[in-house]
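# Understanding the architecture of this molecule
Below, each chain spelled out in residue letters.
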Amino acid sequence: MAKVLVFIDNPGTALKKSSLELLTLARSLGESVVALNGELHDDVTAAFGEYGVSAVLRPSVRDLNDYLVAPKAAYLAAAAQSTGATIVLLDNSPEGKEVAARLGIRLNAGVITDVVGVDADGTAHKSVLAGSYNTACKATTPVSVLTLKANNVTPEPAAAPSAPEVVTVDVPVGSTDAAARITAREQKVASGRPDLTDARIVVAGGRGLDGDFGPVEELADALGAAVGASRAATDAGWISHDAQVGQTGKTVSPQLYISAGISGAIQQKAGMQTAKVIVAVNKDAESPVFEIADFGIVGDLFDVLPQATAEIKKRKG
Amino acid sequence: MKIIVLVKHVPDAQFDRHLNGEGYTTDRDESILSELDEYALEAALQLAEARGGSKAGNQVIALSMGPAGAVNSVKKSLQMGATEGVHLTDAALAGSDAAATSLALSAAVRYLNQDAPVDLIITGMASTDGETSLVPAQLAERLGLPQVTFASSLDVDGGRLVARRDADTSSETVEAALPALVSVTDQINEPRYPNFKGIIAAKRKTITTLSLADIGVDPAQVGHAGSWTAVTNAEERPPRTAGTIITDEGDAGIKLVDFLAAQKLL
Ligand SMILES: Cc1cc2nc3c(=O)[nH]c(=O)nc-3n(C[C@H](O)[C@H](O)[C@H](O)COP(=O)(O)OP(=O)(O)OC[C@H]3O[C@@H](n4cnc5c(N)ncnc54)[C@H](O)[C@@H]3O)c2cc1C
């Protein structure tokens, strides 16, 4: 059976949904082994067991977090070699993709990013050119490295739980020599709202909000949604850059995307047009966002959004 | 300082883009300098200018790998202010994936390193066609350089660079010794437009054309043959079609909630 190595970086005290998705996919492809970086909490160990992981690897050094990417790739390459893994799975975060990039060179392995599904023979599926094509691609090398987009696999525990053994992997000497060092780190305050990349519903606002994100936030909270934004809104400083959806922001694929006061430029569409249902509210009937909206409202968002919020609250009682 | 900026010639995203032919490669008609590489070029120009510009010996070399038309991206880079241009072009390069691209680019960088060492390689955060962000990290790995990716600010001081980057849960300050590779986001600056003076000056600047033979790369290592991934199928997604559009007559908020309820999204 193929060995599938899953990289899980700093899970903290509980595995994220996207990590459970990686473990579920890994199990469908072969025997799953985790290469962990960071602390290993009891609850996380238990979750690995529930998801049928056969072994958990940990790096021989504890300072991987002090550097950017390169030493993590060196560790993961050593982990892949020591386990004989033929598939390595990582999350699709910017850092996940870069670890994958360097790992690919170290292992002479093809790297495929933005993967939404993998067949039993290792063929990966992804969409390209801002969602305009669905493609199938495959590494032509003995090992393949894949980064999986969140929300494309339903997390499912294994039929029979496992008791993973914990093994230490030697990080090659000199891995940190040519690496950039992180000299300061400021934690960001969590909003308490769902994480944008894996939220089921996203309410996003643009320049039309004119500096006031209130109506978007209130509708988001009524729906239990994450808040997104166009680049015009993040550039204006109305909301943090983390909220930006689009080509140079986050790509989201929620069940529902509500776009308010956003024109729908190609770079914005690139980040949201794979949403299941798109709702748009815009004053200008000519806005390109209406070309892709399932339900479009030509109107003033300052009237439409608060009315919808009040109606949702009323119906939910 | 000697800075190389990677500039990619990509299909203009304002038009429909297509995958064609063997291995479903991107149709490169109507291509332009990738917008995201303009930020890289601007960052390089600012570093060079802060050190006295080309008069003080600072070089900003725009390097593009691509078919004949890619020279236009090099030309635009020269118009914006790059001091010289390099166009790596060879029929065998067509269809290269990130691994093969980074291999060819690493050989080109080594070639340019011969007369005077390169201090810094600056790239955009991703290409606007492949969108993988793999090439900068793979190039850094192949050259054994520290990489500082997704920099939203960049400063160089005495052989070290200091950058800021924004991760999901934190903002970081990072440092690396030169030579290094940096990819910059679209937050880092406002790229300049080529002005008349720049356009005239560009005509006198040199563009060096390099082939695979010049940089010592075996054609079998690049292109479809040398790539480590292959596209086995590509299907155009049916474009999204517009649904119902209504004009607010004072009750659109309620109609919106009706729609959500009907879609079982409440
Ligand atoms: C290299 C590059 C990368 C980019 N990356 C991204 C990206 O990742 N994400 C992104 O979003 N953009 C990105 N952009 C920018 C993109 O091209 C657009 O400029 C941006 O999306 C516009 O934001 P907007 O729709 O909020 O603003 P505008 O285009 O100004 O649109 C505002 C809209 O609000 C409407 N409006 C105004 N007032 C109201 C009201 N009261 N009620 C209802 N509607 C109202 C207007 O009719 C208008 O349609 C990028 C651009 C470049 C060049």
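Scroll up to find the structure this text is about.
Owing to the predicted nature of the structure, the values given are computational and were not obtained by experimental measurement.

Near the ligand there are 29 residues, and of these Arg207(A), Ser230(A), Gln244(A), Ser263(A) and Asn282(A) occur at the shortest range. Surrounding the ligand are residues belonging to chains A and B, so the site spans chains. One of the side-chain nitrogen or oxygen atoms of Asp300(A) is found 3.0 Å away from a nitrogen atom of the ligand. When the ligand is considered free in solution it has 990 Å² of accessible area, and contact with the protein chains removes 83% of it. Elements represented by at least two residues in the shell around the ligand include exactly α6 (231-235), α7 (266-272) and α8 (301-316) of chain A together with α1 (35-50) of chain B. Counted by class, the shell around the ligand contains seven nonpolar, 15 polar and seven charged residues.

Taken together, the contact pairs 87 residues of chain A with 78 residues of chain B. With both chains or domains summed, chain A and chain B bury close to 7,100 Å², and 54% of this area falls on carbon and sulfur atoms. Summed over the three residues of chain A that lose the most area to chain B, namely Arg102(A), Leu129(A) and Tyr133(A), the buried surface amounts to 10% of that side. Here Arg231(A) and Asp186(B) are joined by a salt bridge, their closest N and O atoms 2.9 Å apart. Looking at the side of chain A that touches chain B element by element, the count peaks at nine residues for helix α4 (residues 94-107) of chain A. Residues belonging to the side of chain A that touches chain B are distributed by class as follows: 38 nonpolar, 25 polar and 24 charged. Pairing of strand β8 (residues 133-139) of chain A with strand β14 (residues 229-236) of chain B involves seven bridges; the strand directions are antiparallel. By the bridge assignment, Asn134(A) is partnered in β14(B) with Glu235(B).

Time to look at the pattern of salt bridges. Per the counting criterion, the structure on display carries 26 salt bridges over all chains. Here Arg185(A) and Glu172(B) are joined by a salt bridge, their closest N and O atoms 3.6 Å apart. Pair noted here: Arg185(A) is in strand β11 (residues 181-187) and Glu172(B) is in strand β11 (residues 170-177), and the two residues belong to different chains. For Arg240(B), the salt bridge goes to Asp294(A), with nearest N and O atoms at 3.0 Å. One end of the pair, Arg240(B), is in the loop between β14 and β15 (244-247); the other, Asp294(A), is in the loop between β15 (277-282) and β16 (295-298), on a second chain. Taken together, the salt bridges that share partners define one network made up of Glu98(A), Arg185(A), Arg165(B) and Glu172(B).

Strands sit in the order β11(A)-β11(B)-β10(B)-β9(B)-β12(B)-β8(B)-β1(B)-β6(B)-β7(B)-β13(B) across an open sheet of 10 strands; the sheet is mixed. In the strand order of this sheet, the two ends are held by β11 of chain A together with β13 (207-210) of chain B, each with one partner. Between one strand axis and the next, the sheet turns through 30° on average, direction left out of account. In this structure, strand β1 (residues 2-6) of chain B lies alongside strand β8 (residues 120-124) of chain B, joined through three bridges in parallel fashion.

This part takes up the packing of helix α3 (residues 70-83) of chain A against α4(A). Residue and element names in this part refer to chain A. Relative to each other, α3 and α4 sit at 55°, their axes nearing to 8 Å. With respect to their mutual orientation, α3 and α4 come out oblique. The interaxial crossing formed by α3 with α4 has right-handed handedness. For the pair formed by α3 and α4, the contact residues are Ala70, Lys72, Ala73, Ala74, Leu76, Ala77, Ala80 and Gln81 on the first element and Glu95, Val99, Arg102, Leu103, Arg106 and Leu107 on the second. Taken together, the residues of the contact of α3 with α4 sort by class into nine nonpolar, one polar and four charged.

Within the largest apolar cluster, 100 residues are counted, with the highest numbers of intra-cluster contacts made by Leu5(A), Val88(A), Leu120(B), Val148(B) and Leu161(B). Every residue in contact with Val88(A), bar those within four places of it in the chain, is listed here: Leu5(A), Leu76(A), Ala80(A), Leu103(A), Leu107(A), Val143(A), Ser144(A), Val145(A) and Leu146(A). Formed by 35 residues, the second largest nonpolar core is a distinct cluster that contains Leu223(A), Val304(A), Leu256(B) and Val257(B).

Parameters and conventions
- Residues numbered from 1 in each chain as written.
- Chains lettered and ligands numbered in written order.
- Predicted model: local features only at pLDDT ≥ 70, side-chain atom pairs only at ≥ 80, totals over all residues.
- Heavy atoms only, no water.
- Near = heavy atom within 4 Å.
- Polar contact = N/O pair within 3.5 Å; in protein donor to acceptor, adjacent residues only side chain to side chain.
- Areas by Shrake-Rupley, 256 points an atom, 1.4 Å probe, with all protein chains shown as cover.
- Helix = DSSP H or I, 4+ residues; strand = E, 2+ residues; numbered from the N terminus.
- Nonpolar A, V, L, I, M, F, W, Y, C, P; charged D, E, K, R; others polar.
- Contact = heavy atoms within 4.5 Å.
- Buried area = accessible area lost by both parts, 1.4 Å probe.
- Salt bridge = Lys/Arg side-chain N within 4 Å of Asp/Glu carboxyl O.
- Pairing = 2+ DSSP bridges.
- Axes fitted to C-alpha atoms, helices over the stretch in contact; angles between N-to-C directions.
- Parallel < 35°, antiparallel > 145°, perpendicular 65-115°, else oblique.
- Left-handed = near helix turned anticlockwise from the far one by under 90°.
- Core = buried A, V, L, I, M, F, W, Y, C linked by side-chain atoms within 4.5 Å.
- Buried < 20%, exposed > 50% of the residue type's maximum accessible area, 1.4 Å probe, protein only.

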